[in-house]
Amino acid sequence: MARPVPLLAWCALAALAGAAQGSFEVSVSPETAMVEHGGSVQINCSTTCQDPAARGGLETSLTKIDFKSGAGWAAFLLTNITEWESAPQCYSICGGDTKVAAANISSYRPPERVVLEPLPEMEPGRAYSLTCRVLNVAPVTHLTVTLRQGGRTLHTETFQNRTGTGPDSVTVTHEIIPRRRDHGQEITCHAALDLTPHGPHFENSSSAVELKVYDLPENPQLQTSPYIEVGTRVAARCGVAGVFPAAGEARFTLSFGGESVNLTVTTLGNTATAEGEVWSPSPGPRELNCTVTVGPVARSAGQSVLVYSLPEPVLEINESQTLVNSSVTITCRSPEADPRGVLLQLRDAKEILGSSPPAQPSVQLQLTASEQDDGREFTCDARPGSGIPAMKSTSARLTVLYGPRMDDSGCPRKRVWKEGTEQHFSCLARGNPAPAVGCTKDGVSVSIGVQRQVRREDAGTYHCKASNARGSASRDVTVQVEYFDILLLVLGLAAAAVAGAGLAAWGYMYYRSKKIRKYRLRQEQAKAAEPAKPAEQMSLNGDAQNTPDVEQSV
């Protein structure tokens, strides 16, 4: 896009042009415009100059992407207006005289968001602050913020004295003293950006916030577990519902076994809840009590709790690390519990291996260790026999030591590779401790697990050996390499060519021989058809003297 010629340059050119052409005027439309930030506007420049040689244009720092003109006028489209205040100038140079008309263009940004801060739960007679924030709006001098309660205006604020041209955020606060009749009323915040008559009118509102004023609660409700383990901290809650007008006025006292409990109070709607942790260092029955007061009214509730003792069960493996085929004893037992009587159960990942009634102190299992038992996990579960919904578990793993094992699953005996493909030689072995595996070919060590391109020389027998502290195992692996032999292809093509040539020669000789036979036959037939000579007549009436031989075509 061509850059506009500077105004002073036009003036200089016009001064050289000659004498003035009389009085004229320059006008711009619109004179004042409000444009959304990043938007566009059309500016029209007009002049009354009658000189055909007159020159004019629009001087601006904004982007011009369109230009239309006619006799005495020109229209410019200004786009992507990001300056908050600008003054483009229409000018006309007529007979050496220059006149200018300027337009005032302001960018605006509607309120991005109107946020009314949440209100706390209120009680009558106390002062609370309403806070409303209007974010990212311009120009702020055209902004009006109004706080309303229902259909009633609480507060209105304007910002004509605010300086600055760019976008800004404003905060409006207003103090209220709620009354009981205010319960359920909605507070809203309204922002109006009025740009008329040169621009649009925008309005935006916050979400409504409801005033909550509380009074007398109902009977409190206790929530905690009826069974608590010794030394374990458990949450206890005491809540009241149906509070009016102020759930925030509720006061709680929570005790467990006669001891005061530290607590935290929260509110949601018309419900207030106190929460704390209860525990006991010794088993036995306890009482949980909650008292709630709001003003002169007090309400109480209680709940019985049983504190029990359930020690961790003991899981013993006589040889947690043993040799294959060795005898192993696994014992699941529990120390004394309160209340007395514990149900024991021994299991692994797949099934239950044994269980005991409350009178039996342990569960025992004997087995002969096998390779499959290596890493097998056993679990001992203990449950109170009195119906308390609790369980504790202890787990242990059995380690079985055995020598290396090599089979087709980890080290197949035969591999078939294609020449030129990417392959890696692998051979795995089982065992505990994990065996080390090494392989050789023709006495040379082979890298295991390394990717490489297959060559014909890779074919052959690989000797692999796995070793650990419990022994060793060996395995031979045969690798066959498939490849394409170009020499055989050439010889085959040559043989086919020779055979084709021989077949063509034989066909030609056979065809020539057949043609010759046919020619001779036609000659004999023609000779026989000629009139018979006297001697021939005699031959026909008697014995023929010389009967010619006739060759037959086969």
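Structure shown above.
Here is a short report on the structure shown in this document. This one's a predicted model, so the numbers in the text were calculated from it and none came from an experiment.

1. Remarks on the overall build of the protein chain
Logical step 1: Looking only at helices and strands, the protein chain features three helices and 43 strands.
Logical step 2: Within the protein chain, the fraction of its 554 residues that count as buried is 33%.
Logical step 3: Contacts in the protein chain between residues far apart in sequence, at least 24 positions, make up 64% of those at least 6 positions apart.
Logical step 4: For the protein chain, the exposed surface amounts to about 32400 Å²; the carbon and sulfur share of it is 50%.

2. Overview of the state of the cysteines
Logical step 1: Applying the stated criterion to the full structure yields seven disulfides.
Logical step 2: Two residues share a disulfide in this structure: cysteine 45 and cysteine 90, whose sulfurs sit 1.8 Å from each other. Its torsion about the S-S bond being -65 degrees, the disulfide of cysteine 45 and cysteine 90 is classed as left-handed. Pair noted here: cysteine 45 is in strand β3 (residues 41-47) and cysteine 90 is in strand β8 (residues 89-94), with a separation of 45 residues, a long-range link. With respect to burial, cysteine 45 and cysteine 90 carry one shared label: buried.
Logical step 3: One disulfide bridge connects cysteine 411 with cysteine 427, the sulfur atoms lying 2.0 Å from each other.

3. Some points on the pattern of salt bridges
Logical step 1: In the structure shown here, the tally under the stated rule is 17 salt bridges.
Logical step 2: One salt bridge connects lysine 99 with glutamate 25, and the closest N-O pair in it is separated by 3.8 Å. Taken together, the positions of lysine 99 in strand β9 (residues 97-102) and glutamate 25 in the loop between α1 (7-17) and β1 (26-29) put the pair 74 residues apart, joining distant regions of the chain.
Logical step 3: Via salt bridges that share partners, Glu371, Arg405, Asp407 and Arg430 belong to a single interconnected network.

4. Topic: the packing of aromatic side chains
Logical step 1: For the structure on display, the rule yields two aromatic pairs.
Logical step 2: Between tyrosine 108 and phenylalanine 202, the aromatic rings sit 5.4 Å apart at their centres with planes inclined by 40 degrees, giving tilted as the arrangement. You can see tyrosine 108 sitting in strand β10 (residues 104-108) and its partner phenylalanine 202 sitting in strand β17 (residues 201-205), a full 94 residues away along the chain.
Logical step 3: Judged by its relative accessible area of 8%, tyrosine 108 falls in the buried class.
Logical step 4: For phenylalanine 202, a relative accessible area of 22% puts it in the partly exposed group.
Logical step 5: With a centroid separation of 4.6 Å and an interplanar angle of 20 degrees, the aromatic rings of phenylalanine 425 and tyrosine 462 are classed as stacked. Here tyrosine 462 lies in strand β42 (residues 460-468) and phenylalanine 425 lies in the loop between β37 (422-424) and β38 (430-432), a separation of 37 residues in the sequence. With respect to burial, phenylalanine 425 and tyrosine 462 carry one shared label: buried.
Logical step 6: Lying across the ring of phenylalanine 24, lysine 99 places its NZ or CZ 5.0 Å from the centre.

5. A few points about the sheet that holds strand β21 (residues 234-240)
Logical step 1: With respect to topology, four strands assemble into an open sheet ordered β19-β21-β25-β24, the strand pairing being antiparallel. At either margin of the open sheet sits one strand with a lone partner, and together these are β19 (221-223) and β24 (263-268). Across the sheet, the mean angle from the axis of one strand to that of its neighbour is 20 degrees, orientation sign disregarded.
Logical step 2: In terms of strand pairing, β24 meets strand β25 (residues 271-278) through six bridges, oriented antiparallel.

The rules behind the values
- Residues numbered from 1 in each chain as written.
- Predicted model: local features only at pLDDT ≥ 70, side-chain atom pairs only at ≥ 80, totals over all residues.
- Heavy atoms only, no water.
- Helix = DSSP H or I, 4+ residues; strand = E, 2+ residues; numbered from the N terminus.
- Buried < 20%, exposed > 50% of the residue type's maximum accessible area, 1.4 Å probe, protein only.
- Contact = heavy atoms within 4.5 Å.
- Areas by Shrake-Rupley, 256 points an atom, 1.4 Å probe, with all protein chains shown as cover.
- Disulfide = S-S within 2.5 Å.
- Salt bridge = Lys/Arg side-chain N within 4 Å of Asp/Glu carboxyl O.
- Phe/Tyr/Trp six-rings, centres within 6.5 Å; stacked < 30°, edge-to-face > 60°.
- Lys NZ or Arg CZ within 6 Å of the ring centre and 35° of its normal.
- Pairing = 2+ DSSP bridges.
- Axes fitted to C-alpha atoms, helices over the stretch in contact; angles between N-to-C directions.

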